[in-house]
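# Architecture and fold: a report
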Amino acid sequence: MTQYKDKVEEQNRKLKQEKENNTLTSIGWQREEIGKPNVIRHKGYKNRVEYEYSDKRKKPHTEILESL
C-alpha cells in the first residue's frame, strides 16, 4: 500500500510542477521590422519563452530560460 501511496504522491508532485511551468508570466508582440506588417508574438512562461511569427514562412520556436 505504501508503494501505491508513494507513486500517487510522486505523480501529484510532477503534475503540480508541470502546472507551475505552464503558467503564463508575460504575453506580447512586437514588429519584426519598423514599417513592416509582420509581427512576432511571444508568450513567456516560468521556464521558457515561445515565439510565433505572423510570416508563416518562419517556424515558431521555443527558447528555454536558464534557471539560476
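Everything that follows concerns the structure shown earlier in this document.
In this report, we go over the structure that sits alongside the text. (Residues numbered from 1 in each chain as written. Predicted model: local features only at pLDDT ≥ 70, side-chain atom pairs only at ≥ 80, totals over all residues. Heavy atoms only, no water.)

### Observations regarding the sheet that holds strand β2 (residues 39-45)
Test applied: Criterion used throughout: strands pair if DSSP finds at least two bridges between them. Note on conventions: DSSP H or I runs of at least 4 residues are helices, E runs of at least 2 residues are strands, and numbering of each starts at the N terminus. Orientation is described by lines fitted to C-alpha atoms, with helices fitted over the stretch in contact, and by angles between N-to-C directions that extend from 0 to 180 degrees.
Taking strand neighbours across the sheet as the criterion, the four strands line up as β1-β2-β3-β4 in an open arrangement whose pairing is antiparallel. Both outer strands of the open sheet, β1 (24-31) and β4 (61-64), are each paired with one neighbouring strand and no more. Across the sheet, the mean angle from the axis of one strand to that of its neighbour is 20°, orientation sign disregarded. Here β1 runs beside β2; their pairing, made up of seven bridges, is antiparallel. Counted as the bridge partner of S26 is G44 from β2.

### Looking at the environment of H42
Stated formally: Each residue gets one of three labels from its accessible area relative to the maximum for its type: buried under 20%, exposed over 50%, partly exposed in between, using a 1.4 Å probe on protein chains only. Residue contacts follow a heavy-atom distance rule, with two residues in contact if any of their heavy atoms lie within 4.5 Å.
Residue placement: H42 occurs in strand β2. Judged by its relative accessible area of 23%, H42 is partly exposed. Along the chain, H42 and E52 lie ten residues apart, while their C-alpha atoms are 6.4 Å from each other. The residues contacting H42, other than those within four sequence positions of it, are S26, I27, G28, W29, V49, E50 and Y51.

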